[in-house]
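Summary of structural features
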Amino acid sequence: MVFSALCHLCTRSILDVAVLLLVLVLLPGIPPHVTYRSYEIDDPRPLEGRLEPNDILDASERILDGKIVGPESVASKSDDEIFVSLHGGKILRIWGKQFDHFKIITSIGPGCDGPWQEKICGRPLGLRFAPDGRLLVADAYLGLFSVDVETGEKERLFDPLEEIDGVAPKLLDDLDIDSEGNIYWSDASISADLSDGIIEMLSDPSGRLIKFDPKTKKNTVLMKNIHFANGVQLSPDHDFVLVCETFQKRVWRYWLQGPKAGASEIFVDRLPGMPDNLRNRNEGGYYVSLVAVKSPEAFDELKFLTKLPWLRKLLLRFVNLAKMVFDTVSKIYPNKFTEDISFKIFNLEPIAQHMASNKTIVVELDAEGNIDGSMQGNSGRLRFISQTNKIGDNIFFGSPYNKYLGRLYVGVPSLEVEGKGVRMVEKDEEKEPEGKKEDEAEEKEGESKMEEQKKEADENEEEKSVKAAEGTKLESREETVAESIPEKEPVRVEEEQPTPKEAEVSSAKEAEEAKKEETTAEPSMQEKEPIKETVSEKGKEKAEQDPVKKEEL
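To start, this report covers the structure provided alongside it. (Residues numbered from 1 in each chain as written. Predicted model: local features only at pLDDT ≥ 70, side-chain atom pairs only at ≥ 80, totals over all residues. Heavy atoms only, no water.)

In this section: the overall build of the protein chain. Counting its secondary structure elements, the protein chain contains 12 helices and 26 strands. By residue count, 48% of the 553 residues in the protein chain fall in the buried class. Contacts spanning at least 24 positions in sequence make up 57% of the contacts within the protein chain whose residues lie at least 6 apart. When the accessible area of the protein chain is evaluated, it comes to approximately 28,200 Å², of which 52% is carbon and sulfur surface. (Helix = DSSP H or I, 4+ residues; strand = E, 2+ residues; numbered from the N terminus. Buried < 20%, exposed > 50% of the residue type's maximum accessible area, 1.4 Å probe, protein only. Contact = heavy atoms within 4.5 Å. Areas by Shrake-Rupley, 256 points an atom, 1.4 Å probe, with all protein chains shown as cover.)

Another point: the pairing of strand 20 (residues 360-365). Taken across its six residues, strand 20 has six buried, putting it largely inside the fold. Residues Thr-360, Val-362 and Glu-364 line one face of strand 20 and the alternating positions Ile-361, Val-363 and Leu-365 line the opposite face, and both faces are buried. The pairing of strand 20 with strand 21 (residues 371-377) spans six bridges and is classified as antiparallel. Counted as the bridge partner of Leu-365 is Ile-371 from strand 21. Taking the residues between adjacent antiparallel strands as the criterion, strand 20 and strand 21 are bridged by five residues, where Gly-369 takes a positive phi near 90°. (Pairing = 2+ DSSP bridges.)

A word on unusual backbone geometry. In the segment running from Pro-31 into Pro-32, the intervening peptide bond is cis, with an omega of 5°. Here Pro-32 shows up in the loop between helix 1 (2-26) and strand 1 (61-63). Even without being a glycine, Phe-228 presents a positive backbone phi close to 70°. Looking at the element boundaries, Phe-228 is found in the loop between strand 13 (218-226) and strand 14 (229-234).

Glancing now at the sheet that holds strand 3 (residues 81-85). In space, the four strands of this open sheet follow the order 2-3-4-5, with antiparallel pairing throughout. At either margin of the open sheet sits one strand with a lone partner, and together these are strand 2 (74-78) and strand 5 (101-107). Direction aside, neighbouring strands of the sheet carry axes that sit 25° apart on average. For strand 4 (residues 90-95) and strand 5, the ladder comprises six bridges, and the chain directions are antiparallel. The residue of strand 5 that forms the bridge with Trp-95 is His-101. (Axes fitted to C-alpha atoms, helices over the stretch in contact; angles between N-to-C directions.)

Those residues of helix 6 (residues 336-345) not exposed but buried are Thr-338, Asp-340, Ser-342 and Phe-343. Elements that come into contact with the buried residues of helix 6 comprise helix 2 (118-121) and helix 5 (309-332). You can read the cap of helix 6 off the contacts: a side-chain oxygen lies 3.2 Å from the backbone nitrogen of Phe-337, and it is on Asn-335. (Polar contact = N/O pair within 3.5 Å; in protein donor to acceptor, adjacent residues only side chain to side chain.)

Time to look at the pattern of salt bridges. Summed over the entire model, instances satisfying the criterion amount to 20 salt bridges. Note that Glu-245 is salt-bridged to Arg-250, the shortest N-O span being 2.6 Å. Its relative accessible area of 2% is what places Glu-245 among the buried residues. Among the ionic pairs, Lys-323 bridges to Asp-327, the shortest N-O distance being 3.2 Å. Taken together, the positions of Lys-323 and Asp-327, both in helix 5 and four residues apart, correspond to about one turn of that helix. Each member of the salt-bridge network shares a partner with another, and the members are Arg-253, Lys-260, Glu-265 and Glu-368. (Salt bridge = Lys/Arg side-chain N within 4 Å of Asp/Glu carboxyl O.)

Let us look at the side chain of Asp-300. With respect to the helices, strands and loops of the structure, Asp-300 is situated in the loop between strand 19 (286-292) and helix 4 (301-305). Of note is the side chain of Asp-300, whose polar atom sits 3.2 Å from the backbone nitrogen of Lys-303. For Asp-300, the contacting residues outside a window of four places in its chain are Lys-249, Lys-294 and Met-355.

Next up on the list: the state of the cysteines. Covalently bonding the sulfur atom of one cysteine to the sulfur atom of another cysteine gives a disulfide. Here the structure, examined in full by the defined rule, presents one disulfide. Here Cys-112 connects covalently by a disulfide to Cys-121, the sulfurs 2.3 Å from one another. Disulfide Cys-112-Cys-121: torsion about the S-S bond near 50°, hence right-handed. A relative accessible area of 0% means that Cys-121 is categorised as buried. (Disulfide = S-S within 2.5 Å.)

Our focus in this paragraph is the packing of aromatic side chains. Ring pairs (aromatic) are described by centroid distance and by the angle formed between their planes. Applying the stated criterion across every chain, the model contains 10 aromatic pairs. When the ring of Phe-99 is compared with that of Phe-396, the centres are 5.1 Å apart and the planes differ by 75°; the resulting orientation is edge-to-face. Remark: Phe-396 occurs in strand 23 (residues 394-398) and Phe-99 occurs in the loop between strand 4 and strand 5; sequence separation between them is 297 residues. Assigned by exposure class, Phe-99 and Phe-396 land together as buried. (Phe/Tyr/Trp six-rings, centres within 6.5 Å; stacked < 30°, edge-to-face > 60°.)

What the four strands build is an open sheet, ordered 18-19-20-21; its pairing is antiparallel. Each of the sheet's edge strands pairs with one partner strand only, and the pair in question is strand 18 (274-280) and strand 21. Between one strand and the next, the sheet's axes are offset by a mean angle of 25°, whatever the strand orientation.

One recurring pattern in soluble globular proteins: nonpolar side chains tend to sit buried together. Formed by 45 residues in total, the largest nonpolar core has its most connected members in Leu-135 and Val-137. Mapped onto this core, the elements with two or more residues apiece are strand 6 (124-129), strand 7 (135-139), strand 8 (143-147), helix 3 (197-202), strand 19, helix 4, helix 5 and helix 7 (348-355). The element contributing the most residues to this core is helix 3, with four residues. Setting aside anything within four residues of it in sequence, one finds Val-137 in contact with Ile-91, Ile-108, Pro-124, Gly-126, Leu-127, Gly-143, Leu-144, Phe-145, Val-147 and Leu-175. Core analysis: the next-biggest nonpolar cluster, separate from the first, contains 18 residues, Trp-255, Tyr-286, Ile-361 and Leu-365 among them. (Core = buried A, V, L, I, M, F, W, Y, C linked by side-chain atoms within 4.5 Å.)

Right, dumping it as structure tokens:
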């Protein structure tokens, strides 16, 4: 009886769950209001040939570690300063030899209490400098802006509430500008904003590539149905524009001029990770930053789900119901806890943290989309790279999630004299601790003085013989020596031919006084020409431990 009742209860529970799931899948009108189709994602290229693993990025350093959050994009006008977009809607200026000075120049939004309110404070994702020197900003929530980096004054060029081809953009991502002032920008999704990025990932592609004419204020859709339209980059001749399709792991090329004008084609595909932003390389070609790189042997959940549209629909609807509960609580009783949970439910960051490994890759392409090389890291020192910029002798690496900005010095080392030889140093080598620098300075000073003393001693053989003779005399009178010098460190003599006066030094009274005062003995060569001795601090310390007889002339 009991077993039968338990079986009946379990069967009934399973049926109830099945009915609920069917309702969630089949019942129309349940948010999110997106479509689902079956598609495939090609296997990524193997890490061989031009993608052969390396550890170049493991030599990078972290700038402002723990002082910033989410330096997604980097732009510059000169080699000695950069501008970075941050969480909270802020634009940061960084400068200095070590790029350790920084200042907030403006905030795109009015400010907010935390990342869970980024719809209010804004989230700048793409930065570019216009020909007139103003900084262009693509904010995920608030639109396109132009910023005067000297005054912080900002102007909105486009409001995302405006519809483009009957649909308002929901996620402005990256941008570039041509010589005529036309702005090419990506609308990553018309289905979900940045905080709901998972919706775009599990639904049908809806991203767009758009051209904005600042003179007419008109937007023109160039491409649509891009699965998370991301980084944008014009070619050097402005005859085509590139746009990254993050979830399909590829880059598209849209022709602006020539016989193919208006046509699009795949520029590069089967990338070994999800591309974010792409930027020009100084030597030609492009940097494609992979924000998430999955281990080749790990299970690819996204690739599995692409063939099961009904399962993706079920997952999104079920999770969305949970989100609606937290949103309702937050409206009735505003609080940080439920707002933060609601913000993270569909956020891409937890997914990226789960899917990505410590492997980091920046792919280098030539001008025609062929893979020309790569920069890779394996230690996890840099992760989630969203953008790569070579500025002067440094390569900077942005990220939407890191709490630091990556930097790799690639300048040519210079020669710096150190002691007897030379060593290779970087142009902007980090400052050493003060204690270490003082010790090294003392050691260098002692060595330098020793060299000078040796040179002077070698110049006159007669002086050397006199010193040896006088040194022998002083051995029998060690108690009269008031100061010692290190072994192998000759006394520096400033006068060429002094005349010794042993009578003035032989006095035991004077020797005792000199010993008590612990000062450098100054036996007179002549009444008007005293000997001057210079001994390094380190030499004094050594002499105190292992006294050496002083040479007197």
